[in-house]
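A structural walkthrough
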Amino acid sequence: MEAKRKMRFAMVCSSNMNRSMEAHSQLGRAGLDVASYGTGTHVKLPGPSLHEPNVYEFGTPYNVIYNDLRRKDPDLYKRNGLLPMLKRNTSVKLAPQRWQDNAGDGLFDVIFSFEERVFDLIVDDMHNREQRMLKNALIINMDVKDNHEEAGVGAKLALDFCQKLEATNDDWEEIIDDLIITFEKQHKRKLTYNMAFY
Amino acid sequence: MAVAAARDLPPTFHPHPSSSAMEPRLRQLRKVPLLDFVARIGDLRADEASPVRKLVAEMIGEVGSKHMAYLPNVMPCLLDLLNDDTPAVARQAIKTGTTLFAKVLQQLVIQGLFTSGGIDESLKLSWEALLKLKSAVSHMAFQPMSNEGARLLAIKFVEKTVLLYTPDPDSPPDPPNEVTKDMGFNVAWLRGGHPLLNVGDLAMEASQNLGLLLEQLKPPKVKSLSTSMIIVFVTSLSAIAQRRPSFYGRILPVLLSLDPASSTIKVQVPGAFHALKSAFAACLKCTHSSAEPWRARLLEAQNIINQADSIEHSSNRVESLPQMETTSTDNSNKRNLVDDMNNALEDGGHSKKRIKSHDDQEHTDNAKNSVEPTSVDVSSSLSTPASTGNSEAVYQLVNMFAALAAQGDRAAGSLQILSSSIAADLLAEVVMVNMQHLPVCRAEVDSQPFGTPSSSLLSACLPLLESLLKRINQNDREVDEVPPTIDSAVVPSAAGEIAAISSIPGSTSRNPPIEENSNSSSVPFDMETVEAKAPTVDASIEIQESSEASHASTEPQGTQEHGGSFISSLPADNSSVGLSLAQSSETRSPSSSMVEASQAQFSSTLTSQHVLPKLVVTNIDLSDEAKDLLQKEAFMRILGSDKQDASGGSIAHLPLLAHLGVEFPLDLDPWELLQKHVLSDYVNNEGHELTLCILNRLYREAEQDQDFLSSRTATSVYESFLLTIAESLRDMFPASDKSLGKLLCEIPYLPEGALKLLEGLCSPGSNEKQEKDLQSGDRVTQGLSAVWNLIMLRPSNRERCLEIALQSSIHHLDEVRMKAIRLVANKLFPMSSISKRIEDFANEKLNSVLEVVPADESASSELSTPEAPKDGGSENMSSSVADAQTLMSLYFALCTKKHSLLQHVFAIYGSLPQAAKQAVHRQIPILIRTIGSSPSLLGIISDPPTDSCDLLMQVLQTLTDGAMPSQDLISSVKNLYAKTKDIEVLFAVLSHLPKDEVLPVFPSIVNLPMDKFQVALSRILQGSPQNGPSLDPSEILIAIHVIDPDKEGIPLKKVIDACAACFEQRTIFTQQVLAKALNQLVEQIPLPLLFMRTVMQAIGAFPALVDFVMDIMSRLVNKQIWKYPKLWVGFLKCAILTKPQSYGVLLQLPAPQLENALSKNPLLKAPLVEHANQPNVRSTLPRSTLVVLGLAEDQQQPAPQAQNSQNQAAETSSSAADTTTEVTQESSAVS
């Protein structure tokens, strides 16, 4: 019988705003050890028009963004759900974090992404890091549309899957294929995974 | 570190009771001397608690790396733990082993190089132990086992050993001068010699291990691997390839053979697929020169993967073999192209470098072959637009095309039919998909009808390639002229050669690792110098690698060329290569089989002395700006060529342009370019169709795109694109142009911006300039007709468009308003679905007049009479009247369609402010004239709301103005009169009433104020065209006179005035009329009061009537006028007035009356006497008269008179009274 060790999960999307934060919030509530990141170069939020997106640096606290948007156009941002989303985010953590800039956050057992582009960036980033520890990390991608409803659904699924992983006691290597196939059949969602070593 | 970690571990970390019991024991370990400690670690390795064993494995690592001397003691323990049943323990053991292995190896190298005294015994022992561990772990890596987690790590271990054993090209190949911490390690240092390690042996072992790793990914072994294993193998191998580029040649063929087409990876889980993809991507990033030759293959493989990936997405893992067929066709095409390109290069003298040292024609051919990857690189990197979101249908079509194309000329007809029967945008998609292979297709244009449509599009879409392709074509033709000689030379020999070939590649492929080893061991040190130094030195290895590479690459190519049949059974041995070649010579054109053959020759004639031309790929690194510019330029040229073709071209280019717009980087703003293009010649350029295409495409993007941001992006591009186009259409074309309306009707949806634009058209702002107003009328028409169309054709936008039309219908400009009202009332109101809404709106606006228009406006001074419209020009119309009119016009217009609405106008009329009333009066005539006397109007007339009198009068007047009122109307009016007793309501129909109906109301008319009386008078006189006047003038005079002021309650003054009014109209009340009237009046009994007055007035007006009046007067004398005192006065006045003619009449008076008259008017006497004294008169006069006149004696006088005239009477009548009575009786009898 091996000691029960908690797995560490990372939820990653491009801006660390919607999908990853929704998942962060849900996994956190379920008691899992979770963090969340974005892989974009900036935090990008829809603006009043195509040419005027709201762009912030990673690390800008959610409540700063919240206040900024509220000052700009409270109606618009309330309507498109940005303000409620930011409010939720402030209750989860302080500020959006960029995946590539936070390698110092330690090792994750599972890195869950919500967009293939993000997934590729993570895999790429992991391969570019120096491998010393021989600790393997599972990188999983599930495509989730970047809107509020889908983010909720995606987060629930991510939670479901992460709990299954947690239940494997860190021995997911043998059963990961089965897990994924079962999951895909059950939820009609496609999962992609890759592995990287710390 | 791990020990420290163990110390700090919280209790919760050891839930297992036995492990927590262990803890004190572990703590104790800190206190014992290290050697004892090591020994006791050994004891613990068999502990029953797995966490303990894991910790032991960890500790061994710590101890080993810090105190290498104890390693030999603990290594057996670690070896033991490797085979632990608990996966976590085994994993930890491998991790520890990996760390230790690297450390010890490094230590060993450092000691060997820097220590003069040789190597420690303990280090040697440790190394031996670690070598044991290495073989154990390597064994794990290559054997299927239950503990997959451990196996993964074992593979990483092998990867690590391979990396450790081979020189690192990125770090200095010479050892540093002195030992430093973190000095790193490079096996290349060992070249100088090492007491224990031989760099050659290590390289050989690494190569062997690599071979084993590769073996795992080849069939059949790969089939038994789980996805995670495949992933790890792939990532490990790609990591090796990246760090040791010299292995590219060995690793990549294997990775490339794993492409999803082959069934080797059955892609149970897309993970493997993905790992491969990222491995390729990672390998592509490698800039090392050994990697260059593989770029093309990698790019190609990446494309295939991307494509298959999208198939995967769309078709849910449908068997992808047919897809491969297309690519294979392309591949075979590519050969030709490559040849052609080489010819081109040769002709152009560009390939000198490549063929420099070779005079042999065959070898030139070989060189051509080896150039292939390069040229493909150029083409494929230029021709690979990201193919995303291709639908399944598209791929099916692609497959159909491919299948047909494979049949060659025979299928040309069917291809034609197929391509012509496909919808334009689908075809465009197909072309887009195939564009990835287009440069290749280009060469086959002549023989494959499939290529024709796409290549023409290609030339439009890839202008950059155009010139290149042209050159190729030229060479193509040149080649076509040449072939006979080549064919005859090569083809006959091909079969024979193939036989020979079949045996030759085997020599290189049978045991590649061994052969490589033999090579590398013979020139061990060249490996390091290869990259850095003289090309001549690396020749052997380079060739060796290349030969392997090219050989390996023939395998997948060969299979691809022949469709799916060979893909699953990837030929590993030479015989199948031969087979594939044989097949190729059967199925392919002579020239391509020649290539194949020469390629085979290439491998067969390859010897170590043949230096392959160094492949130089000129990757021009463009700056971002330059790339942007290039893309923009390309886009412009596409648009430019589209402009030229558009007039005669098919519409297939439209979806293509739209697609390009979507795929183009947003930063470069393709939309603006497209807009310009669309607008540059909207009419001739299919601007409408293109705009639709683009908007549809954007709409699709917006609706389907999963990404929050990009779907918003598409939406806003859609909206701004549409708005710009719409605005430009508005400004560019005359108002009569229908383009804008048509566009708005057909686009996927109407954004608010477009509606706003329409709104602006339909309700031009007040701030617009005056000169624009001229035009705005037409613009309004344009806008309104667009709105109308939208209401008809776009039910979902109906509400909003209706709103626009309604707003326009209360516009402050008359012109705008009238147009809008015409639309609303005539076109829209009849639509049952929206008529209610329109009616409500109009009603609301009408009612709003009550609030909006100020009640006490100066307008009220302008008295609101029914005549108001006549004198009101628009200039002096006060603003509030205009406002009221603005608000009410629509309602009035609706009234014409729905008469019952009028009721409400009457109902609120009374409460309307003055200005509004005025506005009503302005409009009501038009309205009433339009609707005529409809039943509902008659209903209102019969029973009008209170306070609506003025309005009613106007209505009646309008109704009867110039038209014959219907019987219904007349009776309605009579009903109304019966109720109200207001004579004025009858005015309107007065002229149409018969005489017997007019006479009873005549006194009331007389009783009216003078002005109204005159109106009535004129109406009566005017009469109706059919029946003439209801009363003729004389009848009117009579009617006036017969009024009895006392009885009727009408002041005499009124009657007098009425008479006077008549006399004023001399043209109507002529002499004859008066005469006729007087003639009749004189017979009235009793005589009308005003009779004498009228008589006198008549004479005043017409002196010629005096004779007639004398006659009347004499008749009055006969009627004993003196008995009516009032009239008698008048009579005398009249007699005075008419003297001397009246003398005759006076003399007819009986003597007493004469005397009375003379006494009242003494002045009369003298002239009268004089008159009577004339002999002819006097003789006729009775005596009594003469007596009165003083012409005869009192006594005498009566007798002659009596004798003369009537003796009897004179005798009997003694008193004057009696006489008079008698005279009266007589005269009445006479008359």
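Right above here is the structure, for reference.
Residues numbered from 1 in each chain as written. Chains lettered and ligands numbered in written order. Predicted model: local features only at pLDDT ≥ 70, side-chain atom pairs only at ≥ 80, totals over all residues. Heavy atoms only, no water.

What follows deals with the overall build of chain B. Of the regular secondary structure elements, chain B holds 63 helices and zero strands. Looking at the 1231 residues of chain B, the share that counts as buried comes to 54%. Contacts spanning at least 24 positions in sequence make up 71% of the contacts within chain B whose residues lie at least 6 apart. As presented, chain B carries roughly 53,800 Å² of accessible surface, and 54% of it is formed by carbon and sulfur atoms. (Helix = DSSP H or I, 4+ residues; strand = E, 2+ residues; numbered from the N terminus. Buried < 20%, exposed > 50% of the residue type's maximum accessible area, 1.4 Å probe, protein only. Contact = heavy atoms within 4.5 Å. Areas by Shrake-Rupley, 256 points an atom, 1.4 Å probe, with all protein chains shown as cover.)

Here we come to the packing of helix α9 (residues 199–216) of chain B against helix α11 (residues 248–257) of chain B. Residue and element names in this part refer to chain B. Two elements in contact, α9 and α11, have axes separated by 10 Å at closest approach and are oriented at 5 degrees. In terms of axis orientation, α9 runs roughly parallel to α11. In this structure, α9 contributes S207, L210, G211 and L214 to the contact, and α11 contributes R250, I251 and V254. (Axes fitted to C-alpha atoms, helices over the stretch in contact; angles between N-to-C directions. Parallel < 35°, antiparallel > 145°, perpendicular 65-115°, else oblique.)

Glancing now at helix α7 (residues 176–187) of chain A. Residues and elements named next belong to chain A. Between its terminal C-alpha atoms α7 stretches 16 Å, which fits the 16 Å expected from twelve residues at 1.5 Å a residue. Of the residues making up α7, those classed as buried are I176, D177, L179, I180, F183 and E184. An end-on view of α7 places all buried positions within 160 degrees of arc, on one side of the element. Note on α7: the residue one or two positions beyond its end, K188, has a positive phi of about 55 degrees. (Expected span 1.5 Å × (residues − 1). Arc of directions from axis to C-beta.)

Another aspect to go through is the pairing of strand β7 (residues 191–197) of chain A. Successive residues of a regular strand alternate their side chains across the two faces of the sheet. Residues and elements named next belong to chain A. In terms of residue burial, β7 counts as a mostly covered element, since seven of its seven residues are buried. Neither face of β7 is left uncovered, since the one carrying L191, Y193, M195 and F197 and the one carrying T192, N194 and A196 both have all their residues buried. Here seven bridges tie strand β6 (residues 136–142) to β7, and the two strands are oriented antiparallel to one another. Note that in β7 the partner of I139 across the bridge is N194. (Pairing = 2+ DSSP bridges.)

Applying the stated criterion across every chain yields a total of 13 aromatic pairs over all chains. Note on Y37 of chain A and F108 of chain A: the rings are 5.8 Å apart at their centroids and 75 degrees apart in plane angle, and the pair reads as edge-to-face. Residue Y37 of chain A is located in strand β2 (residues 33–38), and its partner F108 of chain A is located in the loop between α4 (82–92) and β5 (110–113); the two are separated by 71 residues in the primary sequence. Ring plane angle 40 degrees and centroid distance 6.3 Å describe the contact between F101 of chain B and Y165 of chain B, whose orientation is recorded as tilted. Of the two residues, F101 of chain B is situated in helix α6 (residues 87–114) and Y165 of chain B in helix α8 (residues 148–165); the sequence distance between them amounts to 64 residues. Relative accessible area serves as the criterion here: at 1%, Y165 of chain B is assigned to the buried category. If you follow K93 of chain A out to its NZ or CZ, it ends over the ring of Y37 of chain A, 5.8 Å from the centre. Directly above the aromatic system of W788 of chain B lies the positively charged group of K827 of chain B, at a separation of 4.4 Å from the ring centroid. (Phe/Tyr/Trp six-rings, centres within 6.5 Å; stacked < 30°, edge-to-face > 60°. Lys NZ or Arg CZ within 6 Å of the ring centre and 35° of its normal.)

This brings us to the nonpolar core. Residues and elements named next belong to chain B. Of all hydrophobic cores here, the largest spans 195 residues; its most connected members are F1002, F1091 and F1131. Considering every element that reaches this core, the biggest residue donor is helix α40 (residues 879–897), with ten residues. Grouped together as the second largest cluster of nonpolar side chains are 130 residues, I41, A93, W127 and L213 included. (Core = buried A, V, L, I, M, F, W, Y, C linked by side-chain atoms within 4.5 Å.)

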